[in-house]
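# Structural overview
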There are 2 protein chains.
Amino acid sequence: MRNAEFDKEAVLRAAMIAFMAKGYAKTSMQDLKAATGLHPGSIYCAFENKRGLLLAALGQYRADRAEEFQHFFSSDLPKLLQLKHYLEHVVQESISCQAAQACLLIKALNELAEQDDEVQAILIENLSDWQSSVGAVFHQAIAANELTGERSAEQLSRFFIMGVYGLRTYAQTHPEADIMHELAEQLFVDLCR
Amino acid sequence: MRNAEFDKEAVLRAAMIAFMAKGYAKTSMQDLKAATGLHPGSIYCAFENKRGLLLAALGQYRADRAEEFQHFFSSDLPKLLQLKHYLEHVVQESISCQAAQACLLIKALNELAEQDDEVQAILIENLSDWQSSVGAVFHQAIAANELTGERSAEQLSRFFIMGVYGLRTYAQTHPEADIMHELAEQLFVDLCR
DNA sequence: CTCTTTCTTGAATATTCATTCAAGATACTC
DNA sequence: GAGTATCTTGAATGAATATTCAAGAAAGAG
């Protein structure tokens with residue numbers, strides 16, 4: 001008997017970063033070897049193939065993002081303020097443009113939708129879950145009378161998500177802090193009324 | 001003497017569609033041969049290499065988009081109404097999700113930024129031009145008192161562009177007509193006030 | 001300490017794919 | 001109609017790269 005030597009989470013995070021930096025197709029097994037420290041054989045043994053590694057990395061990404069979400073919305077601050085902080089966090093991430101910071105889900109969706117139905121389905125499911133989570137927060141905000149309820153939590157969350165997509169993409173063209181903050185601010189104001 | 005036989009615009013549009021459908025890396029020369037009807041040798045003769053074909057296709061894309069823009073903003077309808085129609089057009093395009101409809105500039109930016117600085121620069125320049133054009137329309141709208149001018153034309157155009165990015169990405173996950181129209185409607189309302 | 005099981009290694013394989021090139025075809029000129 | 005310049009063709013080339021596999025290394029069991 002003998003146990004695997006590598007730290008699975010660490011390997012998956014390294015793979016995530018590699019995939020985000022170069023995209024799935026352009027990340028070669030050599031890149032993955034360099035990033036994860038695992039030799040090809042080990043990768044194939046543990047994850048079946050390159051695609052299996054992507055799937056595993058997506059699983060880790062989901063878990064990491066869920067934890068992050070928890071972090072932002074488990075305090076007892078007003079829900080709207082939590083959302084504002086969350087949005088600021090997105091902006092910060094988009095600005096500190098280490099490429100590694102584009103959302104893996106969106107990046108992969110752009111690259112692999114229409115090419116791999118199973119991966120596409122997983123990505124859409126993850127993004128839908130995210131939207132549901134945001135929707136739940138808006139529900140609470142409405143219940144706490146922080147919002148009028150004129151627009152439903154679902155409408156608001158869709159608009160919020162769309163805004164985040166827009167912010168992230170916008171940052172790819174003009175990652176200037178002041179402009180990004182202004183955009184986020186406008187978006188937030190529009191959500192509040 | 002002898003002239004080239006193929007229709008350059010048609011070839012470039014075919015290449016555009018191929019690149020949008022599969023992405024740059026995954027579009028093989030065989031795909032391009034099938035899409036354009038040109039044999040490898042001809043492609044290399046006319047465009048130097050695959051990357052050259054992408055650059056030429058980007059040029060064609062720019063020209064096509066500029067003409068489309070003209071079409072929407074050359075009538076004498078109120079500027080705000082023109083913008084509304086333009087936004088509706090984006091939504092329609094995003095819904096009829098033939099994959100070929102994702103904006104080539106954004107798709108390429110997602111894939112190639114951080115991998116090809118020259119292409120990245122061209123993409124950003126094209127997108128910046130587009131933003132300037134939208135900005136000019138907002139200027140006219142303000143001058144015509146269709147808007148208060150409380151927010152500058154630049155601010156408005158940035159927000160508008162961000163919204164379009166968001167809409168397009170959102171459509172990749174939930175390309176349902178009613179939701180997309182609602183999002184566009186909310187975006188437009190927010191721009192008007 | 002030895003044996004067995006499992007993991008690790010990295011060179012070999014097979015495939016895919018961008019690119020080249022030389023022969024063949026075509027249109028234009030004189 | 002002959003000559004020539006240019007374009008077209010598609011098989012050959014060579015590089016890149018995902019995947020396999022057999023030998024080597026290490027950990028635990030008895």
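Residues numbered from 1 in each chain as written. Chains lettered and ligands numbered in written order. Predicted model: local features only at pLDDT ≥ 70, side-chain atom pairs only at ≥ 80, totals over all residues. Heavy atoms only, no water.

### Details of the domain arrangement of chain A
Residues and elements named next belong to chain A. Per the domain assignment, the segments making up chain A are domain 1 (1-61) and domain 2 (75-192). One C-alpha centre belongs to domain 1, the other to domain 2; they are set 27 Å apart. Buried area between domain 1 and domain 2, both sides added, is near 1,200 Å², and the carbon and sulfur share of it is 68%. Between aspartate 116 and arginine 51 there is a salt bridge, and its shortest N-O distance comes to 2.6 Å. At the junction of domain 1 with domain 2, the criterion picks out six residue pairs in polar contact (both at pLDDT 80 or more). Going through the elements one at a time, α1 (8-22) and α4 (50-73) are the ones with two or more residues in the side of domain 1 that touches domain 2. (Domains from an automatic or database assignment. Buried area = accessible area lost by both parts, 1.4 Å probe. Salt bridge = Lys/Arg side-chain N within 4 Å of Asp/Glu carboxyl O. Polar contact = N/O pair within 3.5 Å; in protein donor to acceptor, adjacent residues only side chain to side chain. Helix = DSSP H or I, 4+ residues; strand = E, 2+ residues; numbered from the N terminus.)

### Some points on the environment of A:Ser42
Among the structural elements, A:Ser42 can be located in helix α3 (residues 40-47). For the pair A:Ser42 and A:His139, spaced 97 residues apart in the sequence, the C-alpha separation amounts to 46 Å.

### With respect to the packing of aromatic side chains
Describing an aromatic ring pair means giving the distance of the ring centres and the angle of the ring planes. Here the structure, examined in full by the defined rule, presents 18 aromatic pairs over all chains. When the ring of A:Phe69 is compared with that of A:Tyr86, the centres are 5.5 Å apart and the planes differ by 75 degrees; the resulting orientation is edge-to-face. Residue A:Phe69 is found in helix α4, and its partner A:Tyr86 is found in helix α5 (residues 79-95); the two are separated by 17 residues along the sequence. The buried category is assigned to A:Tyr86, whose relative accessible area is 6%. Their ring planes at 75 degrees and their centres at 5.4 Å tell us that B:Phe72 and B:Tyr86 sit as a pair that is edge-to-face. Of this pair, B:Phe72 sits in helix α4 (residues 50-73) while B:Tyr86 sits in helix α5 (residues 79-95), placing them 14 residues apart in sequence. For B:Phe72, a relative accessible area of 16% puts it in the buried group. (Phe/Tyr/Trp six-rings, centres within 6.5 Å; stacked < 30°, edge-to-face > 60°. Buried < 20%, exposed > 50% of the residue type's maximum accessible area, 1.4 Å probe, protein only.)

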